Every structure is written in structure tokens, then in C-alpha cells.
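Okay, here's what each chain looks like letter by letter:
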Amino acid sequence: MRQEVRIALAGNPNSGKTTMFNELTGTYQHVGNWPGVTVEKKEGSLKGRRDVKVMDLPGIYSLSPYTLEEVISRNYLLEEEPDVIIDIVDASNLERNLYLTTQLLETGIPVVVALNMMDIIINRGDVIDTEKLSEALGCPVVETSAMRGKGIENLVQAALAAADEKTPPTPGRFSDDVEPAIQKIEALIKDSVSQKSLRWYAIKLFERDGKLALALSEQQKQQIEKVIAECETAQEDEAESIITSERYVYISGMIGPIYKKKSVGKFTVSDRIDRIVT
Ligand SMILES: Nc1nc2c(ncn2[C@@H]2O[C@H](COP(=O)(O)OP(=O)(O)OP(=O)(O)O)[C@@H](O)[C@H]2O)c(=O)[nH]1
Ligand SMILES: [Mg+2]
């Protein structure tokens, strides 16, 4: 018998997860227009595929341990280990949404990005280079409009293929100021966690995340603390904030060449050159 495939829908509040869940499962769940609607996990089966389960997770901005929604989502991802995460990204707020994406890529679970709300981007006349975004993130990116039922079939195919291949994503590296510290922590804990979650735990330990289910020796803890303290002194910043800044720098560098806003001027560059030279 074929084994069950489990797909988890994760993303920022109001990015369209429940709308997508309804499209994927053919069920109808109330969709509100305000953030924080989905606090419980909701499970259904993919339309016509009872062997594929879809989980609608609460909306979150980060995988930190501060809100109930974050704790529910990250515990589900790390403890239940779904076969693939569909990261529902609101393309009209791309930069902010990718902050969570960078963290999902660190869990070691295959990720497919649904670049949702593409209807808004098209209406604005903006252009996103999806192929470049996919290359930069190191995971498949599929354009969708959950509200209009667009791109759903492509998304399902990409998610099932990723679940089948089981290839963990290659998360981005931080700058040379911070990356060595993360790698030192990875080396210190490599025998205490599974290889696929190594980077996730190293980063969370660096952030002094208080809710990690991880048994470390006193010696490991002291060595890790030393690595963190050295980096904090060098950066003149506190560890969690160092990682936040690293993510934003990384994302804005990535987005520059990928997101083209509709040009606002009346003339294109070549029009202007023509006017100047003639
Ligand atoms: N224009 C547009 N609107 C969309 C799209 N997908 C969802 N929406 C709308 O965005 C709003 C939020 O959608 P939800 O599906 O509730 O978002 P969610 O991610 O489940 O939100 P939380 O459960 O609060 O985290 C609703 O008003 C949807 O109709 C889309 O592709 N395009
Ligand atoms: Mg929802």
C-alpha cells in the first residue's frame, strides 16, 4: 500500500493559507479578513487523493517561541516532520514574507514556495522573476492566486515531487561575521541532533531560544555560550538581533534583482535618451 504523504501549509498571517487549504482539499473553511484567525491546526485530504493529507497551520511571522501560533507551528514541523512544507508567501509583501521562508528552509524539511496573491502583482504591473527567486532560495517557487483558483495544479505537482524526492533545502549562509559562529555551534552539537536539523538547532541555540527540546551536556552549553558571547562582543549587538539583521540583509540583497516595480516615469530610459540626443 502507498504510504501517506503529509503536506503542511505555513506562512504569514493573511497570506492565504486557509483559502489555499480550501482549494487543495475542496472543503470550505471560513476565511476571515483579519490576521490570526487560524489558531488550531486543521487537517484535510487533497482533492481526489485520500492518501495525501494537508495541514493548515496558524499564521506566523517567525519560528521563534514567543506566540502560541509560533509554538504550535514549529512544534508541528519539528516533531511531526511533514513530508513537505508549502510556504504560502504573499507576493505583494514579498520582503516581509521571506523572513519566515528563510527559517522554514532551515528546518531540513523540503519546502515549496507558493508565491500567492500574484493577481495583485499583475494588477500593479509589477514583475517578479520567479525563476531567479527559486534559484536564490534553493527551492521550487510556484505562482498562485488561491482566491482565483490559479496555479493550484502546478503547486500540487511541485509539492508531491518535493515530498517524493525528500531532498532537504540548502539554506542560505550568513555573512562572514556570523557564519563561522553558527558553524562552530554545528560542530559542537553534531552528535546530539539529526544531520537534517543541525543548522536549525545551531541557529536557535545561537539565538538562546529557550524552548528547544534538546539535551546538551554542561560542557556543550558552556562552549556554545562562549561562541555566542564572542560574536556578540565583536558585533556589538545581542545574539537574536544579530540573526534578525542577517536575515534582512540577506533577503534585501536577494530581492533587488528579482522584484521589478512598474516604472513610474512617463518615458522609458531609451525614450529619454532619444529625447536627449535628438
Ligand atoms: N487578491 C488575493 N487575495 C487573496 C488570495 N488568497 C487569499 N486572499 C485573501 O486574503 C485574505 C486572507 O486569506 P486567508 O486564507 O484567511 O489567509 P490565512 O493565511 O489563512 O490567514 P490566517 O489564518 O489569519 O493566518 C482573505 O480575504 C482572502 O480572500 C489571492 O491569491 N489573491
Ligand atoms: Mg487561516
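None of these values were measured; they are calculated from a predicted model. (Residues numbered from 1 in each chain as written. Chains lettered and ligands numbered in written order. Predicted model: local features only at pLDDT ≥ 70, side-chain atom pairs only at ≥ 80, totals over all residues. Heavy atoms only, no water.)

Quick word on the sheet that holds strand E3 (residues 49-56)
Then comes step 1: One open sheet accounts for six strands, arranged E2-E3-E1-E4-E5-E7; its pairing is mixed. Edge positions in the sheet fall to strand E2 (42-46) and strand E7 (141-143), since each of these pairs with one other strand and no more. Across the sheet, the mean angle from the axis of one strand to that of its neighbour is 25°, orientation sign disregarded. (Pairing = 2+ DSSP bridges. Helix = DSSP H or I, 4+ residues; strand = E, 2+ residues; numbered from the N terminus. Axes fitted to C-alpha atoms, helices over the stretch in contact; angles between N-to-C directions.)

Let's talk about the domain arrangement of the protein
Then comes step 1: Looking at the assigned domains, one finds that the protein contains domain 1 (5-165) and domain 2 (179-255).
Then comes step 2: Taking only C-alpha atoms, the centre of domain 1 and the centre of domain 2 are 26 Å apart.
Then comes step 3: Contact residues are listed per partner, giving 19 residues for domain 1 and 17 residues for domain 2.
Then comes step 4: A buried area of about 1,900 Å², summed over both sides, lies between domain 1 and domain 2, and 59% of it is on carbon and sulfur atoms.
Then comes step 5: On inspection of domain 1 and its partner domain 2, the count reaches three salt bridges.
Then comes step 6: Contributing elements (two or more residues each) for the side of domain 1 that touches domain 2: helix H2 (68-80), helix H3 (94-104) and helix H5 (130-137). (Domains from an automatic or database assignment. Contact = heavy atoms within 4.5 Å. Buried area = accessible area lost by both parts, 1.4 Å probe. Salt bridge = Lys/Arg side-chain N within 4 Å of Asp/Glu carboxyl O.)

A short note on helix H9 (residues 218-235)
Then comes step 1: In this model H9 runs 26 Å from its N-terminal to its C-terminal C-alpha over 18 residues, within 8% of the 26 Å that 1.5 Å per residue would give.
Then comes step 2: Along H9, the positions that sit buried rather than exposed are Gln220, Ile224, Val227, Ile228, Cys231 and Glu232. For H9, the angular spread of the buried residues around the axis is 130°, confining them to a single face. Turned more than 90 degrees away from the buried face of H9 sit Glu218, Gln219, Gln222, Lys226, Thr233 and Ala234, all of them exposed.
Then comes step 3: Against helix H7 (179-189), helix H8 (198-206) and helix H10 (239-255) lie the buried residues of H9.
Then comes step 4: After H9 finishes, the residue Glu236 shows a positive phi value of roughly 50°. (Expected span 1.5 Å × (residues − 1). Buried < 20%, exposed > 50% of the residue type's maximum accessible area, 1.4 Å probe, protein only. Arc of directions from axis to C-beta.)

Some words on the pattern of salt bridges
Then comes step 1: This model, assessed by the stated rule, comprises 17 salt bridges.
Then comes step 2: One salt bridge connects Arg49 with Asp51, and the closest N-O pair in it is separated by 3.0 Å.
Then comes step 3: The partner of Arg199 in a salt bridge is Glu186, and the shortest N-O contact between them spans 3.3 Å. Remark: Glu186 occurs in helix H7 and Arg199 occurs in helix H8; sequence separation between them is 13 residues. Here Arg199 and Glu186 have matching classes, each one buried.
Then comes step 4: Three or more residues are tied together by salt bridges with common partners; here these are Arg173, Glu179, Glu186 and Arg199.

Here we look at the pairing of strand E4 (residues 84-90)
Then comes step 1: Counting buried residues in E4 gives seven out of seven residues, a clear majority hidden from the surface.
Then comes step 2: Residues Val84, Ile86, Ile88 and Asp90 point to one face of E4 and Ile85, Asp87 and Val89 to the other, with burial holding for every one of them.
Then comes step 3: In this sheet, E4 lies alongside strand E1 (residues 5-11) in parallel orientation, the contact comprising five bridges. Bridging from a neighbouring strand, Ala8 pairs with Ile85 of E4.
Then comes step 4: Strand direction decides the pairing type here: E4 and strand E5 (residues 111-116), joined by six bridges, are parallel. Bridging across to E5, Ile85 finds its partner in Val111.
Then comes step 5: Regarding topology, H3 serves as the crossover connection from E4 to the parallel E5, and that connection is right-handed. (Right-handed = clockwise from strand over helix to strand, strands pointing away.)

Some remarks on the packing of helix H1 (residues 17-25) against helix H6 (residues 152-165)
Then comes step 1: H6 packs onto H1 with a crossing angle of 85° between their chain directions and a minimal axis gap of 11 Å. Our classification of the angle between H1 and H6 gives roughly perpendicular. In this structure, H1 uses Met20, Glu23 and Leu24 to contact H6, whose residues at the interface are Ile152, Leu155 and Val156.
Then comes step 2: Looking at the contact of H1 with H6 residue by residue, the class counts come to five nonpolar, no polar and one charged. (Parallel < 35°, antiparallel > 145°, perpendicular 65-115°, else oblique. Nonpolar A, V, L, I, M, F, W, Y, C, P; charged D, E, K, R; others polar.)

Focus: the nonpolar core
Then comes step 1: If you look at the biggest cluster of nonpolar residues, it comprises 56 residues, and the most contacted ones within it are Leu77, Leu115, Ile128, Leu137, Ile189 and Phe206.
Then comes step 2: The greatest single-element share of this core, amounting to seven residues, is contributed by H8.
Then comes step 3: Residues from two domains meet in this core; each of domain 1 (5-165) and domain 2 (179-255) gives at least three.
Then comes step 4: Not counting the four nearest positions on each side in its chain, Leu115 is found in contact with Val89, Ala91, Leu94, Ile128, Thr130, Leu133, Val141, Val142, Glu143 and Thr144.
Then comes step 5: Among the nonpolar cores identified, the runner-up in size contains 23 residues, and Val84, Ile86, Ala114 and Ala159 belong to it. (Core = buried A, V, L, I, M, F, W, Y, C linked by side-chain atoms within 4.5 Å.)

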